[in-house]
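Close look at the chain arrangement
Now for the letters of each chain:
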Amino acid sequence: MNFQKFVHSSGFKVLSLARLNQYEYSIVFYLLNCSVSGLDQFITTESELASLLGHNDDDVLKALANLAAKRIVRVFYGDTAHKNEKKP
């Protein structure tokens, strides 16, 4: 969803009522910033995202799972053949 559509569809109102925790809000606002900068997709690993946001990996993993369950973000995992690596 582009940023203008988010704004016109009351996206901020929805976020204010979503009862997100600090990690979830941190991810959402980081991704909103990416969207405003013109990025439609953000490809990273959970560890890299955690490092960018200054959070630990487990908190980011849980926050992403919660955001995906609430349909706020979509999370896709790439090549899962490498089982010993962190998920992108």
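Now for a description of the structure that goes with this document. (Residues numbered from 1 in each chain as written. Predicted model: local features only at pLDDT ≥ 70, side-chain atom pairs only at ≥ 80, totals over all residues. Heavy atoms only, no water.)

Observations concerning the packing of aromatic side chains
Per the stated rule, a full pass over the model turns up 3 aromatic pairs. When the centroid spacing of 5.0 Å and the interplanar angle of 80° are considered together, the rings of F6 and F12 count as edge-to-face. F12 sits in the partly exposed class, given a relative accessible area of 41%. Judged by centre distance (6.1 Å) and plane angle (15°), the rings of Y25 and F29 are stacked. Here Y25 pairs with F29, and both are found in helix α3 (residues 22–36), just 4 residues apart, close to one helical turn. By relative accessible area, F29 is classed as partly exposed at 41%. (Phe/Tyr/Trp six-rings, centres within 6.5 Å; stacked < 30°, edge-to-face > 60°. Buried < 20%, exposed > 50% of the residue type's maximum accessible area, 1.4 Å probe, protein only. Helix = DSSP H or I, 4+ residues; strand = E, 2+ residues; numbered from the N terminus.)

Brief notes about helix α5 (residues 57–69)
Helix length check: α5 (13 residues) gives 18 Å between terminal C-alpha atoms against 18 Å at 1.5 Å per residue, within 8%. Those residues of α5 lying buried are D59, V60, A63, L64 and L67. Projection of α5 onto a plane perpendicular to its axis shows the buried side chains occupying an angular sector of 130°, all on one side. Facing away from the buried side of α5 by more than 90 degrees, the exposed set consists of D58, K62 and A69. Capping the start of α5 is the job of one residue whose side-chain oxygen sits 3.2 Å from the backbone nitrogen of D58: N56. Within two residues after α5, R71 carries a phi angle of roughly 60°, on the positive side. (Expected span 1.5 Å × (residues − 1). Arc of directions from axis to C-beta. Polar contact = N/O pair within 3.5 Å; in protein donor to acceptor, adjacent residues only side chain to side chain.)

Quick look at the pattern of salt bridges
In a structure, side chains of opposite charge can pair up when their charged atoms sit close to one another. The full count for this structure, using the stated rule, is 1 salt bridge. Here K70 and E24 are joined by a salt bridge, their closest N and O atoms 4.0 Å apart. Taken together, the positions of K70 in the segment after α5 and E24 in helix α3 put the pair 46 residues apart, joining distant regions of the chain. (Salt bridge = Lys/Arg side-chain N within 4 Å of Asp/Glu carboxyl O.)

What about the packing of helix α4 (residues 46–53) against α5?
In the contact formed by α4 and α5, the axes pass within 9 Å of each other and the chain directions differ by 110°. The angle between α4 and α5 places the two elements in the roughly perpendicular class. Packed against α4, whose contacting residues are E46, S47, L49 and A50, the element α5 presents D57, V60, L61 and L64 at the interface. Grouping the constituent residues of the contact of α4 with α5 by class yields 5 nonpolar, 1 polar and 2 charged. (Axes fitted to C-alpha atoms, helices over the stretch in contact; angles between N-to-C directions. Parallel < 35°, antiparallel > 145°, perpendicular 65-115°, else oblique. Contact = heavy atoms within 4.5 Å. Nonpolar A, V, L, I, M, F, W, Y, C, P; charged D, E, K, R; others polar.)

As far as function goes, none of this settles anything; it's purely spatial.
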